[in-house]
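Fold and contact review
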Amino acid sequence: MVPLALKWPLASMSFLLSSLLTLLAVSAPSWCQNSDSTSPKASNGSPFPWNKMRLPEYVIPAHYDLMIHANLSTLTFWGTTEIEVTASQPTSAIILHSYNLQISKATLRKGAGQGPSEEPLRVLEYPPHEQVALLALEPLLVGLPYTVVIDYAGNLSETFHGFYKSTYRTKKGEVRVLASTQFEPIAARMAFPCFDEPAFKASFSIKIRREPRHVAISNMPLVKSVTIAKGLIEDHFDVTVKMSTYLVAFIISDFESVSKMTKSGVKVSVYAVPDKINQADYALDAAVTLLEFYEDYFSIPYPLPKQDLAAIPDFESGAMENWGLTTYRESALLFDVEKSSASSKLGITMTVSHELAHQKNHSFKALNDLWLNEGFAKFMEFVSVSVTHPELKVEDYFFGKCFNAMEVDALNSSHPVSTPVENPAQIREMFDEVSYEKGACILNMLREYLSADTFKSGIVQYLQKYSYKNTRNEDLWNSMASICLADGAQTTEGFCFRSQHSSSSSHWRQETVDVKAMMNTWTLQKGFPLITITVRGRNVHMKQEHYMKGSNSAPETGYLWHVPLTFITSKSDSVQRFLLKTKTDVLILPEAVEWIKFNVGMNGYYIVHYEDDGWDSLTGLLKTTHTAISSNDRASLINNAFQLVSIGKLSIEKALDLTLYLKHETEIMPVFQGLDELIPMYKLMEKRDMIEVETQFKAFLIRLLRSLIDRQSWTDDGSVSERMLRSQLLLLACVRKYQPCVQRAEGYFRKWKESNGNMSLPIDVTLAVFAVGAQNTDGWDFLLSKYQSSLSSTEKSQIEFALCVSQNKEKLQWLLDQSFKGDIIKTQEFPHILTLIGRNPVGYPLAWQFLRENWNKLVQKFELGSSAIAQMVMGTTNQFSTRTQLAEVKGFFHSLEENGSQLRCVQQTIETIEENIRWMDKNFDKIRMWLQHGKPELL
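Residues numbered from 1 in each chain as written. Predicted model: local features only at pLDDT ≥ 70, side-chain atom pairs only at ≥ 80, totals over all residues. Heavy atoms only, no water.

**Quick look at the overall build of the chain**
Looking only at helices and strands, the chain features 27 helices and 30 strands. The buried share among the 939 residues of the chain stands at 64%. For the chain, the exposed area adds up to about 33,600 Å²; of that, 49% sits on carbon and sulfur atoms. (Helix = DSSP H or I, 4+ residues; strand = E, 2+ residues; numbered from the N terminus. Buried < 20%, exposed > 50% of the residue type's maximum accessible area, 1.4 Å probe, protein only. Areas by Shrake-Rupley, 256 points an atom, 1.4 Å probe, with all protein chains shown as cover.)

**Remarks on the pairing of strand β27 (residues 572-580)**
The pairing of strand β26 (residues 563-569) with β27 spans 6 bridges and is antiparallel. By the bridge assignment, Thr566 is partnered in β27 with Arg577. Hairpin connection, β26 to β27: the antiparallel pair is bridged by 2 residues. (Pairing = 2+ DSSP bridges.)

**Regarding the sheet that holds β27**
Spatially, β27-β26-β29 is the arrangement adopted by the 3 strands of the open sheet, whose pairing is antiparallel. Looking along the sheet, the strands with just one partner apiece sit at the ends: β27 and β29 (596-598). Adjacent strand axes in the sheet meet at a mean angle of 25° when their direction is disregarded. (Axes fitted to C-alpha atoms, helices over the stretch in contact; angles between N-to-C directions.)

**Some thoughts on the nonpolar core**
The biggest cluster of nonpolar side chains holds 308 residues, and the ones touching the most others in it are Phe192 and Trp855. Among all residues touching Phe192, those that are not within four sequence positions of it are Tyr64, Leu66, Thr81, His97, Leu101, Tyr152, Phe183, Phe204 and Val248. (Core = buried A, V, L, I, M, F, W, Y, C linked by side-chain atoms within 4.5 Å. Contact = heavy atoms within 4.5 Å.)

**Some thoughts on the sheet that holds strand β3 (residues 91-97)**
Within the open sheet, the 3 strands sit side by side as β3-β7-β6. Their pairing is antiparallel. The open sheet has two free edges, formed respectively by β3 and β6 (122-126), since each of these has just one partner strand. Pairwise comparison of adjacent strand axes, ignoring direction, gives a mean angle of 25° for this sheet. As defined by bridge partners, β3 adjoins strand β7 (residues 131-140) across 6 bridges and the pair is classed as antiparallel. Bridge assignment links Ile94 to a residue of β7, and that residue is Leu134.

**Description of unusual backbone geometry**
With the exception of glycine, the majority of residues adopt a negative phi angle, and the majority of peptide bonds are in the trans configuration. Put simply, Glu184 and Pro185 share a cis peptide bond, and its omega is 0°. Take Pro185: it is sitting in the loop between β10 (175-182) and β11 (203-210). Of note, the phi angle at Asn100 is positive, near 60°, even though the residue is not glycine. Residues other than glycine seldom take positive phi values, yet Asn756 does so here, at roughly 60°. Mapping Asn756 onto the fold places it in the loop between α17 (739-754) and α18 (766-773).

**Comments concerning the packing of helix α12 (residues 631-646) against helix α14 (residues 668-686)**
Two elements in contact, α12 and α14, have axes separated by 7 Å at closest approach and are oriented at 15°. For the element pair α12 / α14, the angle class is roughly parallel. Crossing handedness for the pair α12 and α14: left-handed. Residues Ser631, Asn632, Arg634, Ala635, Ile638, Asn639, Phe642 and Gln643 of α12 touch α14, and the partners they reach there are Met669, Pro670, Gln673, Gly674, Glu677, Leu678 and Met681. Of the residues contributing to the contact of α12 with α14, the split by class is 7 nonpolar, 6 polar and 2 charged. (Parallel < 35°, antiparallel > 145°, perpendicular 65-115°, else oblique. Left-handed = near helix turned anticlockwise from the far one by under 90°. Nonpolar A, V, L, I, M, F, W, Y, C, P; charged D, E, K, R; others polar.)

**Brief notes about the packing of helix α5 (residues 398-409) against α12**
Contact geometry for α5 and α12: axes closest at 11 Å, N-to-C directions at 10°. Between α5 and α12, the angle is such that the two are roughly parallel. Across from Phe399, Phe403 and Glu407 in α5, the residues of α12 making contact are Asn632, Ala635, Ser636, Asn639, Asn640 and Gln643. When the residues that make up the contact of α5 with α12 are grouped by side-chain class, the tally is 3 nonpolar, 5 polar and 1 charged.

**Some details on the pairing of strand β13 (residues 222-229)**
Of the pairings in the sheet, the one linking β13 to strand β14 (residues 232-237) comprises 6 bridges and is antiparallel in character. Among the inter-strand pairings, Thr227 is bridged to a residue of β14, identified as Ile233. Linking two consecutive strands that pair antiparallel, namely β13 and β14, is a turn of 2 residues; a positive phi of about 80° is found at Gly231 within it.

**What about the packing of aromatic side chains?**
Summed over all chains, the structure comprises 46 aromatic pairs. Residues Phe293 and Tyr294 carry aromatic rings whose centres are separated by 5.6 Å and whose planes lie at 65° to one another, so their mutual orientation is edge-to-face. Judged by relative accessible area, which is 11%, Phe293 ranks as buried. Note on Trp855 and Phe892: the rings are 6.1 Å apart at their centroids and 85° apart in plane angle, and the pair reads as edge-to-face. (Phe/Tyr/Trp six-rings, centres within 6.5 Å; stacked < 30°, edge-to-face > 60°.)

**Regarding the state of the cysteines**
Per the stated rule, a full pass over the model turns up 2 disulfides. A disulfide bridge connects Cys734 with Cys741, and the sulfur atoms are separated by 2.1 Å. Disulfide Cys734-Cys741: torsion about the S-S bond near -95°, hence left-handed. You'll find Cys734 and Cys741 in the same group, each marked buried. (Disulfide = S-S within 2.5 Å.)

**With respect to the confidence of the model for the chain**
Taken residue by residue, the chain gives an average pLDDT of 88. The fraction at 70 or more is 88%. Segment residues 6-36 is flagged for pLDDT under 50; beyond a separation of four residues in sequence, or across chains, it makes 131 contacts in the model. (pLDDT = per-residue confidence, 0-100.)

**Concerning helix α8 (residues 452-466)**
Compared with the 21 Å implied by 1.5 Å per residue over 15 residues, the 21 Å span of α8 between its first and last C-alpha is a close match. Among all positions of α8, only Thr454, Phe455, Gly458, Ile459, Val460, Tyr462, Leu463 and Tyr466 are buried. (Expected span 1.5 Å × (residues − 1).)

**Let's talk about the environment of Ile568**
By the secondary structure assignment, Ile568 is in strand β26. The class of Ile568 is buried, set by a relative accessible area of 6%. Along the primary structure Ile568 and Trp595 are separated by 27 residues, whereas in three dimensions their C-alpha atoms are 8.7 Å apart. Not counting residues up to four positions away in its chain, the partners in contact with Ile568 are Asp573, Ser574, Val575, Trp595, Ile596, Lys597, Val600, Ile629 and Asp633.

**Notes on the side chain of Gln908**
Residue position: Gln908 is located in helix α27 (residues 904-932). With residues up to four places along the chain from it excluded, the contact list for Gln908 reads Val408, Leu411, Ser413 and Met874.

**Quick word on the pattern of salt bridges**
Applying the stated criterion across every chain yields a total of 40 salt bridges. Residue Glu665 pairs with Arg634 through a salt bridge whose shortest N-O separation is 2.7 Å. With Glu665 in the loop between α13 (652-659) and α14 and Arg634 in helix α12, this pair connects stretches of sequence that are 31 residues apart. For Glu665, a relative accessible area of 0% puts it in the buried group. For Arg634, a relative accessible area of 4% corresponds to the buried category. For the salt bridge of Lys698 with Glu694, the shortest nitrogen-to-oxygen distance reads 2.6 Å. Highlighted residues: Lys698 and Glu694, both in helix α15 (residues 691-710), separated by 4 residues, approximately one helical turn. The burial state of Lys698 is the same as that of Glu694; both residues are buried. Salt bridges sharing partners connect three or more residues here, namely Lys683, Glu686, Glu694 and Lys698. (Salt bridge = Lys/Arg side-chain N within 4 Å of Asp/Glu carboxyl O.)

**A few points about the environment of Leu851**
Locating Leu851 in the fold gives a position in helix α23 (residues 844-853). For the pair Leu851 and Leu834, spaced 17 residues apart in sequence, the C-alpha separation works out to 8.4 Å. If we skip the residues at most four places from it in the chain, Leu851 touches Leu834, Leu858, Met872, Val873, Thr876, Phe892 and Phe893.

**Quick word on the side chain of Thr80**
Tracing the sequence through the fold places Thr80 in strand β2 (residues 76-87). When its relative accessible area of 18% is taken as the criterion, Thr80 is described as buried. A distance of 2.9 Å separates polar atoms of two side chains, one belonging to Thr80 and the other to Asp151. Residues contacting Thr80, with those up to four places away along its chain left out, are Asp65, Leu66, Met67, Val149, Ile150, Asp151 and Tyr152. (Polar contact = N/O pair within 3.5 Å; in protein donor to acceptor, adjacent residues only side chain to side chain.)

**Let's talk about the environment of Thr521**
As for its position among the elements, Thr521 is in helix α10 (residues 515-523). Separated by 40 residues in the primary sequence, Thr521 and Trp561 have C-alpha atoms spaced 5.1 Å apart. Non-local contacts of Thr521, meaning those with residues more than four positions away in its chain, are made with Leu560, Trp561 and His562.

What follows is the structure, given as structure tokens:
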């Protein structure tokens, strides 16, 4: 699954839009034991025979027969679930999940399939754990197959989870209803009673009843359709492979589709609402190309006869990897050739790649191993798209993902990528930057460490060995360790030995590669290391420590990592390597150097501090010959410098001095990284009434980039990265009221408005044009009218952003009210709109007030612990930097108790505000002095 906040585009680079307004368990969780010996009470007052959040492991499902009949007029559904189970110990209670379903009847048959007799089962419900107990008259016999039959009914969910209602409006204004599913992580129980944990894998036979005017699709191809009654058809789908309940999917709609075949004969189809099916071709071509790539890369045939991709009008996250039927937000799948942006093309390609990568990796067992599932798919986005779509140059953007993860991972409230989880909110919270982005970054680091060939061989061996099986993270590490390059390496007891004199690019200055021991340091510990480098002549002294933001008195964790260091020097651009496994070590260079740069290409998940004159040497290099190191290395220097300011290792003046070289920069990632560090500074000032310094700092930023801004053409020419850079620079310039930009944008908007929105604007400048046009009432109202009729996701997103940059409080309040209501603006857009207004210097008090006043409704709609809730909490509060604001935030969330006070995102935002206060107290006066004493005048 791709949470929207993490979805490309503007996932690693969403900082700009916002700022302008801006696999191992530590201790395996117990499945069958609990210290709480009290017996819970079922909803009817009877004792409930199970008191754990997790299901018992002694009743195992093997196969489900599902029949679902949804009524899209009454928004209800009913169904029958038949589950073939076996018991590994005698028990008269079958415990499974059910949530908001009305069970009318439950029976038990001996044997699988149709048996001669059924005995009734007593049904007890325990809503706090979303569980039901089916009580048999006699205990189930060990090893004998039984079939549980359950009749039930429910209402289509009004949320974005379970079996839920979605709507869209046709070109003629007719509202049409469809029903779709979103079961990850724990919402299959909202559609049918089931064993709703990923370790309980089973096969599924699905039947869907529908009206003739609708079409039904599911994980597997349609086998046959049977007319049940007049106006009622039952579709029978083929039996699935063995899989977890969260991967089950079905949709009842009036979608249309386009299809193509892969070289190996897999039918790939894209489904969308009829008015937008003409926007499906790009994703279809990309899906075919990517599926063929994965079959070749993994040396494993795609296991299903078809792969559907469906664009759902109402969808909370970015996409979902249901096996054989991946589902997407429309903006993550549909590409309008005339209006979609370059970043949209990049985003669609990456998202499709992510979900198709999942089709090869559905083997994780425990919820605490989620990171490998999602981190692997995130990593494979870059591996695959760099080959299939080289023009997108996705490899340049990878390290931005790591910086995103480090922002969260530097907080004390972070967590190891492999973390035990128990309750539903904790499970949902695992879908965060640490699981996705950090997971991808440490896998990339491992690939760099072992070599691409060894890593690939290990992945292939792992997938071939564990397909359809429950696995743990060490299974992957063992597969990696058993693969050695054919350069004289040998394997002994899980270790890979290499010659000290190997010419292989993967050679590290260690004899032994212990993959499991190395990766344990990255998966079982939160955070990441700070590497401090001190050069003494030819001697390079290295020290590692846990990088953590917070007060200077933060406790020493004592964590150590196995850190694969890489470096280049002024004397050699050949990458040198050293594996640091101890707290300190020393390496000896062949000769003295003027400068040394560690973490080449930002392939390692760590940051670096250069003591003595190390930073001065690198700043001088950037000032005189910045192209001597790669654009990724330049961007990582910018990032690392400001991270070191946060913990007092580097002065703010030195970090700002380093950014002055950006006046000569032309590459997208260093520019974006510079903006990512500099824009949040004035965003903090906007919320503290520091207008004089805030204005000076904004003027400095425009002066710094003015040459690059002035060179931007108002066209759609150039590569994808050049176009994305142009779009963001012109937006920055116009929002910061750089007059040459504003005047040109006003001219474009006037002509576009006079044409009633029919004039074709250059796609790359549209965002800037709309942002300027929305600053007056007539322009804002006209944009809203165009928003309502637009069929382009990119255009709607651009208009949405522009509406949120308004300085009119009444307009901003209207946006909050209407996007939450969902009639004019879909509710799926609300978290983004709330965050945009939360970044608006005029709107942020409105956003914070709306969040507090509507918290219970928000949790009901988006679910406690979801990425959407986290986005809203952080988006409305994490730029606060006063003690009054901190007290407000603490007071509100503390008052919520079980309804939100323990959320990780709440802990993160409180830590972030505390850090903002410390940062401003320490650095604001220094910034003011730096601005006033002429450093920016050097520009």
